[in-house]
Amino acid sequence: MEGRKSSARDGRAPAAGDSYGSLMLQAAGVLRLRYVKCSRDKALSPDAAAELAAVFEGIAQGSPEFDHIDPKEAIALAHRLLDDDNPQLSHLWPKA
């Protein structure tokens, strides 16, 4: 429709003001808490967790640097992180 802005801004991820961005920020927070601060799970190093959290934050901010990341895969990984349901099965999960 003419006169209306696309929330995806030319195919890029929406900014954090919507549910997609909020989900990405929640996932980043879980990564930082679960893997960086608490280090309860040795499946992911604190450095790799911090790097992945930064990716989620970049996606939430709509940074063009992360345009190549499949939004559906990012959403799936975010849900896996929040549910603590085998996030390592995601293609976005850092390889050891």
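Everything discussed here concerns the structure shown above.
Just so we're clear, the structure is a prediction, and the values are computed from it rather than from any experiment.

Q: So what exactly am I meant to see when it comes to helix α1 (residues 19-37) here?
A: Because the α-helix completes a turn every 3.6 residues, residues three or four places apart line up on one side. Under the 1.5 Å per step criterion, the end-to-end length of α1 is 25 Å for 19 residues, consistent within 8% with the ideal 27 Å. Along α1, the positions that sit buried rather than exposed are Tyr20, Gly21, Leu23, Met24, Ala27, Ala28, Val30, Leu31, Arg34 and Tyr35. Contacts made by the buried residues of α1 are with α2 (46-60) and α3 (71-83).

Q: Quick question: what am I supposed to make of the nonpolar core here?
A: A general tendency of soluble globular proteins is for nonpolar side chains to be buried together. Ranked by internal contacts, the top residues of the largest apolar core, which has 24 residues, are Met24, Leu31, Phe56, Ile59, Leu81 and Trp93. Looking at this core, the elements with two or more residues in it are α1, α2 and α3. Aside from chain neighbours lying at most four places away, what touches Trp93 is Leu31, Tyr35, Ala43, Leu44, Leu52, Leu77, Leu81, Pro87 and Gln88.

Q: I tried to follow the pattern of salt bridges on my own but got confused; where do I start?
A: Pairing between side chains of opposite charge can happen when the charged atoms of each approach one another. This model, assessed by the stated rule, comprises two salt bridges. A salt bridge links Arg32 to Glu57; its shortest N-O distance comes to 2.9 Å. Of the two residues, Arg32 is situated in helix α1 and Glu57 in helix α2; the sequence distance between them amounts to 25 residues. Between Arg34 and Asp84 there is a salt bridge, with the nearest N and O atoms lying 3.5 Å from each other. Separated by 50 residues along the polypeptide, Arg34 in helix α1 and Asp84 in the segment after α3 bring together distant segments of the chain.

Q: Got a minute to help me understand unusual backbone geometry in this structure?
A: Although it is not a glycine, Asp84 adopts a positive phi angle of roughly 55°. On the basis of relative accessibility, which here comes to 38%, the residue Asp84 falls in the partly exposed class. One non-glycine residue, Asn86, lies in the positive phi region at around 50°. Positionally, Asn86 belongs in the segment after α3.

Q: It is not clear to me how the packing of α2 against α3 should be interpreted in this structure. Could you clarify?
A: α3 packs onto α2 with a crossing angle of 125° between their chain directions and a minimal axis gap of 12 Å. Our classification of the angle between α2 and α3 gives oblique. In this structure, the crossing between α2 and α3 has a hand that is left-handed. Where α2 abuts α3, its residues Leu52, Phe56 and Ile59 lie against Ala74, Leu77, Ala78 and Leu81.

Q: Looking at this structure, how should I read the packing of α1 against α2?
A: Two measures define how a pair of helices packs: the angle their axes make with one another and the distance between the axes. Put simply, α1 and α2 touch, their axes get as near as 8 Å, and they point 170° apart. Taken together, the axes of α1 and α2 lie roughly antiparallel to each other. The two elements α1 and α2 meet at a crossing, and its hand is left-handed. Contacts from Tyr20, Gly21, Met24, Leu25, Ala27, Ala28, Leu31, Arg32, Tyr35 and Val36 in α1 reach Pro46, Ala49, Ala50, Leu52, Ala53, Ala54, Phe56, Glu57, Ile59 and Ala60 in α2. Its residues assigned to classes, the contact of α1 with α2 shows 17 nonpolar, one polar and two charged.

Rules behind the numbers
Residues numbered from 1 in each chain as written. Predicted model: local features only at pLDDT ≥ 70, side-chain atom pairs only at ≥ 80, totals over all residues. Heavy atoms only, no water. Helix = DSSP H or I, 4+ residues; strand = E, 2+ residues; numbered from the N terminus. Expected span 1.5 Å × (residues − 1). Buried < 20%, exposed > 50% of the residue type's maximum accessible area, 1.4 Å probe, protein only. Contact = heavy atoms within 4.5 Å. Core = buried A, V, L, I, M, F, W, Y, C linked by side-chain atoms within 4.5 Å. Salt bridge = Lys/Arg side-chain N within 4 Å of Asp/Glu carboxyl O. Axes fitted to C-alpha atoms, helices over the stretch in contact; angles between N-to-C directions. Parallel < 35°, antiparallel > 145°, perpendicular 65-115°, else oblique. Left-handed = near helix turned anticlockwise from the far one by under 90°. Nonpolar A, V, L, I, M, F, W, Y, C, P; charged D, E, K, R; others polar.

Function-wise, these values are silent; they only describe arrangement.
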